[in-house]
Amino acid sequence: MKNNEKTALDQGFENIEPMVFESKISVPYSWWAGETATHFLKSLRDDKKILALKCSKCGKTFVPPRKVCPACFVKNTDWVELSGQGTLQSFTVARRQLAAIQKKVPVIYGLIKLDGADTAMLHYLEGIAPEKIKIGMRVEAQFAADRNGTIQDIEFFRPV
Amino acid sequence: MNNAAIIGIGMTSIEANKVRDTFADMAWEAVNKALDDAGMTIDDIDNVVTTSNDFWDGRTISCMAVGDASGAAHKNVSCVEGDGTFGAFYGLTRVLSGSYGTTLVTAHTKGSQSISSLITNASFDPIYERSLGMDMITACAMQANAYMHRTGTTSEQLAMVSVKNHGNAKKNPLSQLPMDITVADVLKSEMIADPLHKLDCSPVSDACCAIIIANGDRADKYTGKPVWIKGVSFYSDAFFFGDRDLSKALSLEKAAQKAYAMAGIKNPGKEIDVAELYDAFTYQELLWLEAMGLCGDGEAGKLLEKGEFAVGGRLPVNASGGLLSGHPVIAAGLIRMAEVVKQLRGEAGAYQVAKARTGVAQGVNGLCGQSHCVWVLGKDK
Amino acid sequence: MAKKVAIVGTGQTYHKSHRPDVNGQELINEAVQAALKDADMTIQDIDAIIIGNMDHFEGINYVDCWSVDGSGGTMKPIIKITTGGTTGCSIAIGGYHVVASGLYDKVLIIGWEKNSESDTTGAITTAFDPIWDRLVFAGAISGLAVEAQAYIARYGATDRDGARVSVRDRKHAMNNPHAQLRKEVSIDDVLASPMLADPIHLLDVCPRTDGAAAVIMASEDVAEKITSKPDWIWTTSNRHSYSYLGDADYGRLTSMRECSQEIFKKVGIKEPRKEIGVIELYQPYSFAGIIWIEDMGIIGPGEGPQYIWDGNTDMGGELPINPSGGVISCNPIGATGLIRCCEAAMQVMGKAEGRQVPDVNFAISTGFGGCWWTDMILHGKKKPNF
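A. Focus on the interface of chain B and chain A. Contacts between the two partners involve 37 residues from chain B and, on the opposite side, 35 residues from chain A. Those elements giving two or more residues to the side of chain B that touches chain A turn out to be α1 (23–38), α4 (116–121), α5 (136–151) and β5 (191–193) of chain B. In terms of residues, the side of chain B that touches chain A owes the most to one element, α5 of chain B, which gives seven residues. The residue makeup of the side of chain B that touches chain A, split by class, is 19 nonpolar, 10 polar and eight charged.

B. Spotlight on α1 of chain B. Residue and element names in this part refer to chain B. Taking 1.5 Å per residue, 16 residues should reach 22 Å; α1 reaches 23 Å between its end C-alpha atoms and fits that length. When α1 is considered as a whole, its buried residues turn out to be Phe23, Met26, Ala27, Trp28, Glu29, Ala30, Val31, Lys33, Ala34, Leu35, Asp37 and Ala38. Structurally, α1 contributes buried residues whose contacts are with β1 (4–11), α2 (54–57), β4 (102–110) and β7 (206–215). With its phi angle positive at about 70°, Gly39 sits one or two positions after the end of α1.

C. A look at the pairing of strand β1 (residues 50–54) of chain A. Residue and element names in this part refer to chain A. Summarising burial for β1: four of the five residues are buried, a large majority. Pairing of β1 with strand β3 (residues 78–82), which is carried by five bridges, proceeds in the antiparallel orientation. Across the sheet, residue Ala52 finds its bridge partner in β3, namely Val80. Where β1 folds back onto strand β2 (residues 61–62) in an antiparallel hairpin, the turn is made up of six residues, including Gly59, whose phi is positive at roughly 80°.

D. Region of interest: the nonpolar core. Among the nonpolar cores identified, the biggest contains 312 residues, and Cys209 and Ile211 of chain B together with Ile109, Ile110, Ala214, Val215 and Met217 of chain C are the most heavily contacted of them. Per element, the largest residue contribution to this core is 11 residues, and it comes from helix α15 (residues 333–349) of chain C. Three or more residues apiece are contributed to this core by two domains, here domain 1 (5–119 + 209–226) and domain 2 (121–207 + 232–380) of chain C. With residues near it in sequence (within four places) discarded, Ile211 of chain B still touches Ile6, Gly8, Ile9, Ala34, Ala88, Val105, Leu334, Met337 and Ala338 of chain B.

E. Focus on helix α5 (residues 87–100) of chain C. Residues and elements named next belong to chain C. With 14 residues, α5 should reach 20 Å at 1.5 Å per residue; the first-to-last C-alpha distance of 19 Å fits that figure. Taken across its 14 residues, α5 has 14 buried, putting it largely inside the fold. Of the residues flanking the end of α5, it is Gly102, one or two places downstream, whose phi is positive at about 85°.

F. Main features of the sheet that holds strand β4 (residues 106–114) of chain C. All names here are of chain C. The nine strands are arranged β3-β2-β4-β7-β1-β8-β11-β10-β9 in an open sheet whose pairing can be described as mixed. Every other strand in the sheet has two partners, leaving β3 (78–80) and β9 (278–280) as the edge strands with one partner each. Taken pair by pair, the neighbouring strands of this sheet meet at an average axis angle of 30°, ignoring direction. Two strands pair when backbone bridges link them, and strand β8 (residues 231–239) and strand β11 (residues 373–380) are joined in this way by seven bridges, in the antiparallel orientation. Within β11, the position partnered with Arg239 by the bridge is Thr374.

G. Structural context of the confidence of the model for chain C. Of all residues in chain C, 100% have pLDDT values of 70 or greater, and the mean over the chain is 95. Prediction confidence for the complex, expressed as pTM and ipTM, is 0.96 and 0.97 respectively.

H. Main features of the interface of chain B and chain C. Taken together, the 47 residues of chain B in the interface contact 48 residues of chain C. Of all the secondary structure elements, the ones that give two or more residues to the side of chain B that touches chain C are α2, β3 (76–80), α3 (84–96), β8 (227–236) and α8 (250–263) of chain B. Sorting elements by how many residues they give to the side of chain B that touches chain C places α3 of chain B first, with six residues. Considered class by class, the residues forming the side of chain B that touches chain C number 21 nonpolar, 18 polar and eight charged.

I. Here's a closer look at the sheet that holds β3 of chain B. Residues and elements named next belong to chain B. The nine strands lie next to each other as β3-β2-β4-β7-β1-β8-β11-β10-β9, forming an open sheet whose pairing is mixed. With one partner strand each, in any of the chains shown, β3 and β9 (274–276) form the two edges of the open sheet. Within the sheet, the average angular offset between the axes of one strand and its neighbour, ignoring direction, is 25°. Relative to β7, β1 runs antiparallel, the two sharing seven bridges. In the strand pairing of β7, Gly8 is matched with Ile212.

Conventions used here
Residues numbered from 1 in each chain as written. Chains lettered and ligands numbered in written order. Predicted model: local features only at pLDDT ≥ 70, side-chain atom pairs only at ≥ 80, totals over all residues. Contact = placed C-beta atoms within 7 Å. Helix = DSSP H or I, 4+ residues; strand = E, 2+ residues; numbered from the N terminus. Nonpolar A, V, L, I, M, F, W, Y, C, P; charged D, E, K, R; others polar. Expected span 1.5 Å × (residues − 1). Buried ≥ 20, exposed ≤ 12 C-beta atoms within 10 Å, placed from the backbone. Pairing = 2+ DSSP bridges. Core = buried A, V, L, I, M, F, W, Y, C linked by C-beta atoms within 7 Å. Domains from an automatic or database assignment. Axes fitted to C-alpha atoms, helices over the stretch in contact; angles between N-to-C directions. pLDDT = per-residue confidence, 0-100.

Structure (structure tokens):
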């Protein structure tokens, strides 16, 4: 069957306008954070402190925290308190109101490596004009006034 | 490796909205084209692997939509959830395992049926990341910035990828977006998320692709010209962006090295004649070229400026127009493979690369190219 | 060069209705660590990983990418195979082909589900065609009830026959520390439990579970160095025969019949009832335990109820079925088919602890799901001779 040939079937359907059926999948979710994430999120909510989890074998320090070190495959047990300051690894400025974005654009996303951690975390950047953002700049966490034990208990990161 | 070949390919056209076709209709078209191409009937197919994604299709058990249309109702069948290159890998193992002589592999998406931002937002970790509202575009924009910062690649060089690929698409009758554009057009187009303009981004499209893999004994039994599978490999990087160096593609480096080794290729920059790479965004074509050792690290932008990756250049990349000219997610990587097959058979028509004997196709899974699958294909046994 | 393939290690979590203490990839890690321990291997020994679950139960896209911390997949080849309820068996079949292909020697296969995180029925409903079937689909149980009614009408069985299967599996689960539901039930308990969809009572069907399982397969080049008692994968078969609910032949599982005939023919098994030592059957509700063993060719059509009442499928019987307690004792859907594979492997390897069937030569594990689909694996103590 070549690209341009119409089958008998196509010819029969030529004058029929295809129907479109609008629908939506609504499957509600409740994700278990697990003990490790719960400990981290409680610290954000109750103490306004960002914690990291360190592997006792290789010493790698993880934010977000990991129950098990992915390389060593042993349980991470050492919690470390971080200052909340870090360095910007990369960023983007969302200009179009893409469907997943809940805030009004422009919204700045940053990848921030906190001092004392070996990995970086995603969050918002605010308090800076997009043109002024530089990879490598110093930022620090700003906590929200209302905190509920989610990653948005950190409201955003801002320049130091 | 010389034990298996691709002996049939078929694909639908790539369109923004195939309003007349269901998933099954697309599969029916692609599968029949592949069978005709190979000179086979569905009875010659020993088993089937379909490739789809439940989120994109809006149904759990998404394979159920295409099984019948792929001739699988009374055959052994399975489904890979991931890019089509991964589905093809599994289809290949089912031939190499000795269980089946031929495998039909399909891959499809109808991007028009969903809201892509929500679909890709669902790839983010539900506890630590998802509520921030990032999606594939903002994530890749972040990667583009990291890559440009490390290598000094410019927005103009990114734009040139778009100009090249949309221009190439003019010669490909199946592509969605053949366009005559300039670098200025790209830089003036709407900034979606810094540094990616609208014309730096692929659309989200509808299409289905099917290929038929045969073992060495069956490869010559039909009329389709076999293209030999020389090497295939895949690797995944870490998940959290902060665990990775976004400016590099370490999992792709590994996959490419292994695929080349299987194929006996020591100098890919010289020995690869044609490449179909996963250019979901302009910067990706450059980053993947470097990670695959097809040019020096940080050099891709400059070499593009010199015309090295144009159809007449040293290493034509995405002569088909690539994903920038039409991006049916999931089918995307399988189409890259099918396009390399066309080139190696000398059947690429107006966008034929002269004297192509060895080609490479690449597919991607996950955010910012977390997981890559690389195929090396050869004209000769 | 095609290789023969054996299971050299298995691991499971202790399955529960809710696991609030872990997120999904932490749950995966428990099963992976258990399997590695069973095989006395490290994650560095693993060449490739296959993973499966049903996306809409956890709401995470590209799970193979998301779960690498738990699966050990960072900088390894990882691929997701998913086919609905049959997933657990499909991934095991996938592991078989990937190892048999000669491309990877030691493959880790992971099946998991955290059903507590979503509305199970809401998610399953999305499996069916949105135009033709979804709006009238009333959840998995209604479809199963139609099958049971059709069988009852054809062969004169009753809900007591179904209840006898529940009693068997819930008793078997008492020997399995990993099973979720570990409390025996009587015939009267089953019949008195709430009617869900005639003739299926609450105690006739599977629960929903958070759990994970992992299996390590290795090629013949290395399997016997890893364990002295590998479980050889003789052959596999599957049929995903239907896409629309109205197409099925209710009262007979056609896909089961096609699969078992293909397997027995290939291997030369003429009397499965005598030659198979144990079956871990993906049996989502009690009546399936009657109907599907007839379709498997163990006994003839309509003979299932008497065969079961006579005790043939109990521990100590001629052909024990579901020594683990089966799916009605435990059902983390993406893992469930792989748990059947684990349990069959443990039987062949002699590692089935308090639920060991003596002298198992051949074992069968199956998967069920989708639109009356079957996946099936034949396990054997001896290395395949073809």
